[in-house]
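Structural overview
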Amino acid sequence: MIWLDTLIQGILLGGLYALFAAGLSLVFGIMRLVNLAHGDLIVLGAYLILGLGTATGLHPFLAAALALPLMFALGWALQSALLNRVLGDDILPPLLVTFGLSVVIQNALLMGFSADSRKLPIGPIEAQSLPLGPVTVGAMPLITFGSAIVVILGLNWLFYHTALGRAFRATSDDPVTAQLMGIRPRRIFAVATGIAMVVATIAALYLGARANFDPAIGPARLLYAFEAVIIGGLGSLWGTLAGGLVIGVAQAMGAAINPEWQILAGHLAFVAVLLVRPRGLFPRAND
Amino acid sequence: MSALLEISGLTAHYGDFQALFGVDLALEAGQTVAIIGANGAGKTTLMRAITGIAKVTAGSILLNGAEMSRRAAPDILTAGIAMVPEGRKLFPSLTVEENLRIGAHARQGNGFWTLERLYTLFPILRERRDHPGTALSGGQQQMVAIGRALMSNPTVLLCDELSLGLAPVVIREIYAAFPTIRESGTSIIVVEQDIGQALKVADHVHCMMEGRVTLSGRPADLSREAIHDAYFGVNHA
């Protein structure tokens, strides 16, 4: 029974990792940009939710709703003003610029909020749980997992059933020919990064609700997200969810064996999947 | 009266390499103009320069008197110039119908071309509407590429190497759509290596060589020898 419980906890944790990863996957899928500041942007989102909640007295869930449009605007501006300038045939400039951005965000948060760890005050729901067959699961992990499914479903709908999604896919396929259709790739990229930041804000809410956060935890979140994206197969959203689940379950299993093995087990699972499927579980046909 | 599309002194470079040397060309409303020439003559560069994909270094491109040569590609499409690119360039992630719909991405308001009218023009595309665009045969892909360009309801349609790699029967099937396209109010420039096909559809033919127009005229006025000489660069002088 303990193993079933561990498996379910791992799957639910995987939902959080899928949320970390979905924005990264979206941006990579559309513009082949690896945003090394993604983890720090999630942490920034958590501080924004905390700040908005403190300033307005709103519950973190409502503060997060306020943060969503602000983070969209931040993503849009970041892409328009900075990242669009470094995108090109050479993959190194965007890596360097987002790495620098990661350092800048961490230090700005350190100056603004100190190194003390914080937590989003979500109230009594944190301790609530419900029986699910033979095991009991926490309400928040369940809501987190449900949100991950909704986000992936939403992004898939956007990608495959809207004019914007069509433009995303066309630009990803061939940005030059897309311009012949009247599409402006830079604007498309700006909207995509805006949407990625909306997803990052949702991830930030559950990150801050689940455990303490401080300005330095971004890079580790990026690592989990990156592993989830690669396990899933670059650019595939359902693959990203699967990748998150693999990391989550591996971490939970590792922790059940020995609490010190939690993080290591996640990384080992990542390496194991890559040994068997170097292109990930669900690679895109044209990559 | 000035022409619908008037190109004068057009010069374009790829880095240090000059690909076009002062090209002059005019397209009257309702006309079809053909550009012929061997590989490397600058035909595709000319198409890319007109649509804003290749950078114009000198000269002008006037569409109804408005300068296009400094505009970005999406603005040129919105102004009314659409292109069927060489090699068709369908989007592999999009179905046939999505490839057609994306042609109308920047379109404002209604126009002659709708999905329904395109499916009437190329009925096979209706059957294949849910297939990935790139899963179709070459001829069907070419139909999608033409339909995609028409969905913007262009004033001028540029077709780059429509017949490349296609069987003669398929080429005839594709060119059979031209009268309908012209009746819809679209004027056409075709780039062709198939001289016979070009002479058949065009009101006016230009032959290019090494980035210059070396011969121009109405098909009826051009002798086979003159075209042959211009195409292969033979100089009898």
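Residues numbered from 1 in each chain as written. Chains lettered and ligands numbered in written order. Predicted model: local features only at pLDDT ≥ 70, side-chain atom pairs only at ≥ 80, totals over all residues. Heavy atoms only, no water.

Looking now at the overall build of chain B. Broken down by element type, chain B carries 10 helices and 10 strands. For chain B, whose C-alpha radius of gyration is 17 Å, the value lies close to the compact-globule estimate of 18 Å for 237 residues. If one aligns the C-alpha atoms of chain B with their principal axes, the spans along those axes are about 55 × 40 × 35 Å. Burial status across chain B gives 51% buried among its 237 residues. Expressed as a percentage of contacts within chain B between residues at least 6 apart in sequence, the contacts between residues at least 24 apart total 66%. Placing the 20 positive and 23 negative side-chain charges of chain B at their respective mean positions leaves the two points 4 Å apart. (Helix = DSSP H or I, 4+ residues; strand = E, 2+ residues; numbered from the N terminus. Rg over C-alpha atoms; globule rule 2.2 N^0.38 Å. Buried < 20%, exposed > 50% of the residue type's maximum accessible area, 1.4 Å probe, protein only. Contact = heavy atoms within 4.5 Å. Lys, Arg positive; Asp, Glu negative; His and termini not counted. Charge placed at Lys NZ, Arg CZ, Asp CG, Glu CD.)

Our next topic: the pairing of strand 10 (residues 212-217) of chain B. All names here are of chain B. With 5 bridges connecting them, strand 9 (residues 204-209) and strand 10 associate as antiparallel partners. The residue bridging Met208 from the neighbouring strand is Val213, located in strand 10. Counted along the chain from strand 9 to the antiparallel partner strand 10, the turn is 2 residues long, and its residue Glu210 has a positive phi close to 45°. (Pairing = 2+ DSSP bridges.)

This brings us to the sheet that holds strand 4 (residues 56-63) of chain B. Residues and elements named next belong to chain B. Across the sheet, 4 strands lie side by side as 2-1-4-5; this open sheet has antiparallel pairing. This sheet does not close on itself; its edge strands, each paired only once, are strand 2 (17-27) and strand 5 (66-67). Relative to strand 5, strand 4 runs antiparallel, the two sharing 2 bridges. The partner of Leu62 across the bridge, within strand 5, is Glu67.

A few words now on the layout of surface pockets. Residues and elements named next belong to chain A. The computed volume of the largest pocket comes to approximately 470 Å³. As for the largest pocket, its lining consists of 17 residues, of which Met31, Leu87, Gly88, Pro175 and Phe189 are closest to the centre. Tallied by class, the residues present in the lining of the largest pocket amount to 8 nonpolar, 4 polar and 5 charged. Taken together, 17 residues line the second largest pocket, and the ones lying closest to its centre are Gln9, Leu13, Met140, Pro141 and Arg210. (1 Å grid on protein atoms, 1.4 Å probe; cavity = no way out; pocket = protein on both sides within 12 Å on 5 of 7 lines; lining within 4 Å. Points joined across faces, edges and corners; volume = space filled by probe spheres on them. Nonpolar A, V, L, I, M, F, W, Y, C, P; charged D, E, K, R; others polar.)

Okay, the interface of chain A and chain B next. Contact with chain A, which involves 17 residues of that partner, is made by 20 residues of chain B. Together, Arg166, Leu180 and Met181 of chain A form the three largest contributors to the area buried by chain A at its contact with chain B, with a combined 38%. For the interface between chain A and chain B, the tally reads 2 salt bridges. One salt bridge in this structure joins Glu98 of chain B and Arg169 of chain A, with 2.6 Å as the shortest N-O distance. The tally of links between chain A and chain B comes to 4 residue pairs in polar contact (both at pLDDT 80 or more). Of all the secondary structure elements, the ones that give two or more residues to the side of chain A that touches chain B are helix 6 (163-173) and helix 7 (175-180) of chain A. The class makeup of the residues in the side of chain A that touches chain B is 8 nonpolar, 4 polar and 5 charged. (Buried area = accessible area lost by both parts, 1.4 Å probe. Salt bridge = Lys/Arg side-chain N within 4 Å of Asp/Glu carboxyl O. Polar contact = N/O pair within 3.5 Å; in protein donor to acceptor, adjacent residues only side chain to side chain.)

With that settled, the discussion passes to unusual backbone geometry. Residues and elements named next belong to chain B. Even without being glycine, Lys89 reaches a positive phi, approximately 50°. Here Lys89 lies in the loop between strand 6 (81-84) and helix 3 (96-102). Here the phi dihedral of Glu161 falls at roughly 55°; this positive angle occurs in a residue that is not glycine. Its location among the elements puts Glu161 in the loop between strand 7 (156-160) and helix 7 (168-175). Note on Glu161: relative accessible area 4%, which makes it buried.

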